[in-house]
Amino acid sequence: MKRKTDISPQEMTDRLQSGTLSRRQFQQMLAGAGIAMVATPVLSPSALAAPADQGTYFTWGGYDIPELFAPYIEQHGEAPNFAAFGGSEEGLTKLMGGYVVDVAHPCNAVLPRWVASGLLQPFDLSQLSNWDDVIPALKNLEGSVHDGGTYFAPMDWGQTSITYREDLFDLQGAEESWGMLWDERYAGQIGVIASAGDTWWCATIFAGVDFTEMTTDENFDKVAALLRQQRPLVRLYTDDVTTLEQALASGELVAAMTWNSSPVDLKRQDVPVRWANPKEGALTWVCGAVMHKDAPNPERAHDIIDSLISVDTGRFLIDEYGYGHSNSKSFDEVSEERLAELGLTRNPSEMLDAGKFQIPLDEEFTSRMNGEFEQIKAGF
Amino acid sequence: MTQTHDTLRGRLYAFFLRSEPVRGFALLSPTLLIMLAGMCVPFVILVAMSFWTQHVFEFDTTLSLTNYNEIVDKPMYRVLLTRSLAISGACTVATVLLAYPMAYYVAFHVHRHKMVWIVLMTLPFWSSYLLRVFAWKIILGYNGAINASFMGLGWLEKPLEFLLYSPTAVVITLTHAWAAFAILPIYVSLEKIDRSLLEAATDLGDGPVKRFIGVTLPLSLPGVIAASLLIFIPTVGDFVTPALVGGPDGAMIANLIQVQFARVNNWPMGAALSLAMMVIIAAISLLYIWTARRFTEYGR
């Protein structure tokens, strides 16, 4: 039954003009409009930025882009939802605090810690169509396999090293070295990653301490002293690579600790930068996907992971970002010259062995290291 | 008395109508519930947690003063707290000094379209806070508006580096961001001043300066006090501004609290720091109100 107030907008304007609409009817319509506006987001979820039925991918800032999900988008029409963390440690703390996602993106050094937290579940490998193409050497990293289940799908591998301005940083004929980030000539022009997960390790390499020895008190103090010495030279501690890149581009920084993608990005913008190959060795790592034990959407979670280890994603990651990829076929899509230009090889073992490969640390030490580094950054 | 008042429901209803406090609380109840669930309960948890200690992933729930002892012992906490108070103190003074003339002008010299002026003054609030911080990053940056134009004019050889990633940058950004919070209360107290008092002062021979110091300023002090508290209290705990423009030397206590809950994963320490900050801010504010009250009473 049509009530008196149920009238179309056309009718309404007509009746408003002719004066046949009562004040009461008009007010009812206004109230209706108000409720409709409040209710809109509830009624049409498609209007919201984050579609609820897509899987959620919890990752490093910079990896939250649809380009890594071409197969997923083809299948489901749009990219997964993204959430970003500034470092593995921060990501884990958020998950421990009860944040539930489908897939997260830790790196090998913290993998056993993540698995031990009991927040992950093993994959159903039959749902990962690209699993067989994953480079075997990357499948058996410490922590990947636990009680017969596979918890970690390696995705990207690369280095933490120094990006520096060729035109502004004068090496004076010396070899490239981690010492560039401790060079007092460039006080106030050096940028460093704010997470101990990178910086503490790089300082350990510079100190000449082997990773297997880094947890002793003596070596802890040695590395901490080096980082304290660096503090007055640092203009910027940040987890945001874009901030570092912009500061390098403007000349505000002459050298910064970055990952592989920064020099590739800056060169594309014609900024004269070089990706250092420090004589002490660069820090190397493998990162990849894990699945939350309460993943609300396990099927889409597998699709996200399968997309991450696909050739499409690999080609993009190699060519555009300069990272290595875990799918051996990805490298066939990139020319030999381009690989050489990016400083990558087809065989991850070659690169991981050439640098200093991150190893998992015990939890006591990790907490101590994180606490100490915050104190150093604050100036103490 | 009618029949219904004998039933329990009826009696309750009668009590409800008769008792003013009960009606008041009933009216407040939605707000009270939200306050209870959203403020009081979390606050109690925060207080309890601050006496716990963290062991890797587990909380040790035996009560201890470990966290508070550490706050007192380690110079880092003291320095960051003092720095936070200094930065927001500087920001409060700067904001009030800059806002007062604006509010004064609108209150005394604008006679038409006052509302338009007020709206224009709150214009910065129409854009997102984060956008405003980024705008300041662009203005203060190494190749930013200030450095680029000064270098273009030949006044500078090298960009001024203290502009960005420094405590100065935090003070500048906060001052701009909180301006409207100072202008409005000061404007209201200036607007309320009885103009005949000013005329009387003039008739009795006061010049403009003496009249301002003797009449206008004391009468507008309530607005100034409100504005300073309104700015000081929230800015001490500001997190995003120092994170984006502060640099290593501009970090404030809130940044340290954030890392306790994230990277460092020591929630009890974060809780203790938050409470310490709260207590110190409360103490400073009470002291300020008390002094201000004594001062304004003398003025009368």
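Whatever comes next refers back to the structure up there.
Let me begin by describing the structure that accompanies this report. (Residues numbered from 1 in each chain as written. Chains lettered and ligands numbered in written order. Predicted model: local features only at pLDDT ≥ 70, side-chain atom pairs only at ≥ 80, totals over all residues. Heavy atoms only, no water.)

## Here's the deal with the environment of Gly144(B)
Now for step 1: By the secondary structure assignment, Gly144(B) is in the loop between helix 6 (129-140) and helix 7 (145-152).
Now for step 2: Look at Gly144(B) and you get buried, because its relative accessible area is 5%. (Helix = DSSP H or I, 4+ residues; strand = E, 2+ residues; numbered from the N terminus. Buried < 20%, exposed > 50% of the residue type's maximum accessible area, 1.4 Å probe, protein only.)

## Brief notes about the pairing of strand 1 (residues 56-60) of chain A
All names here are of chain A.
Now for step 1: Counting buried positions over the 5 residues of strand 1 gives 5, a clear majority of the element.
Now for step 2: By the bridge criterion, 5 bridges tie strand 1 to strand 2 (residues 81-85) in an arrangement that is parallel. Counterpart to Phe 58 in the pairing with strand 2 is Ala 83.
Now for step 3: Assessed by its sense of winding, the connection that carries the chain from strand 1 through helix 3 (residues 70-76) to strand 2 is right-handed.
Now for step 4: Of the strand pairs in this sheet, strand 1 and strand 3 (residues 103-104) are connected by 2 bridges, and their pairing is parallel. Note that in strand 3 the partner of Phe 58 across the bridge is Ala 104. (Pairing = 2+ DSSP bridges. Right-handed = clockwise from strand over helix to strand, strands pointing away.)

## Observations concerning the state of the cysteines
By definition, a disulfide links the sulfur atoms of two cysteines through a covalent bond.
Residues and elements named next belong to chain A.
Now for step 1: For the coordinates displayed, the defined rule picks out 1 disulfide over all chains.
Now for step 2: There is a disulfide in this structure between Cys 107 and Cys 287, and the S-S distance comes to 1.8 Å. Across the S-S bond of Cys 107 and Cys 287 the torsion is about 85 degrees, and the bridge reads as right-handed. In this pair, Cys 107 sits in the loop between strand 3 and helix 5 (111-116) while Cys 287 sits in strand 12 (residues 283-292), placing the two residues 180 residues apart along the sequence. Here Cys 107 and Cys 287 have matching classes, each one buried. (Disulfide = S-S within 2.5 Å.)

## Regarding unusual backbone geometry
Now for step 1: The backbone of Asp147(A) sits at a positive phi, close to 50 degrees, despite the residue not being glycine.
Now for step 2: The class of Asp147(A) is exposed, set by a relative accessible area of 75%.
Now for step 3: In this model, Tyr165(B) sits at a positive phi of 55 degrees, which is unusual for a non-glycine residue.
Now for step 4: Mapped onto the secondary structure, Tyr165(B) falls in the loop between helix 7 and helix 8 (167-191).
Now for step 5: By relative accessible area, which is 10% here, Tyr165(B) ends up buried.

## Here we look at the interface of chain B and chain A
Now for step 1: Chain B puts 24 residues into the contact, and the matching count from chain A is 30 residues.
Now for step 2: Overall, the association of chain B and chain A removes approximately 2,400 Å² of surface from exposure, summing both partners, and the carbon and sulfur fraction of that is 60%.
Now for step 3: Contact with chain A buries area across many residues of chain B, yet Phe57(B), Pro248(B) and Arg263(B) alone supply 33% of it, more than any other trio.
Now for step 4: Where chain B meets chain A, there are 3 salt bridges.
Now for step 5: Scanning the region where chain B abuts chain A turns up 8 residue pairs in polar contact (both at pLDDT 80 or more).
Now for step 6: Considering every element that reaches the side of chain B that touches chain A, the biggest residue donor is helix 4 (residues 75-109) of chain B, with 5 residues.
Now for step 7: Looking at the side of chain B that touches chain A residue by residue, the class counts come to 15 nonpolar, 3 polar and 6 charged. (Contact = heavy atoms within 4.5 Å. Buried area = accessible area lost by both parts, 1.4 Å probe. Salt bridge = Lys/Arg side-chain N within 4 Å of Asp/Glu carboxyl O. Polar contact = N/O pair within 3.5 Å; in protein donor to acceptor, adjacent residues only side chain to side chain. Nonpolar A, V, L, I, M, F, W, Y, C, P; charged D, E, K, R; others polar.)

## A closer look at the nonpolar core
Now for step 1: Judged by nonpolar contacts, the single largest core of 152 residues is most densely connected at Trp200(A) and Ile186(B).
Now for step 2: Looking at this core element by element, the count peaks at 11 residues for helix 8 of chain B.
Now for step 3: Residue contacts for Ile186(B): discarding those within four places in its chain leaves Val96(B), Ala99(B), Tyr100(B), Ala103(B), Gly223(B), Val224(B) and Ala227(B).
Now for step 4: Counting 22 residues, the second largest nonpolar core, distinct from the first, contains Ala378(A), Met76(B), Val236(B) and Ile257(B). (Core = buried A, V, L, I, M, F, W, Y, C linked by side-chain atoms within 4.5 Å.)

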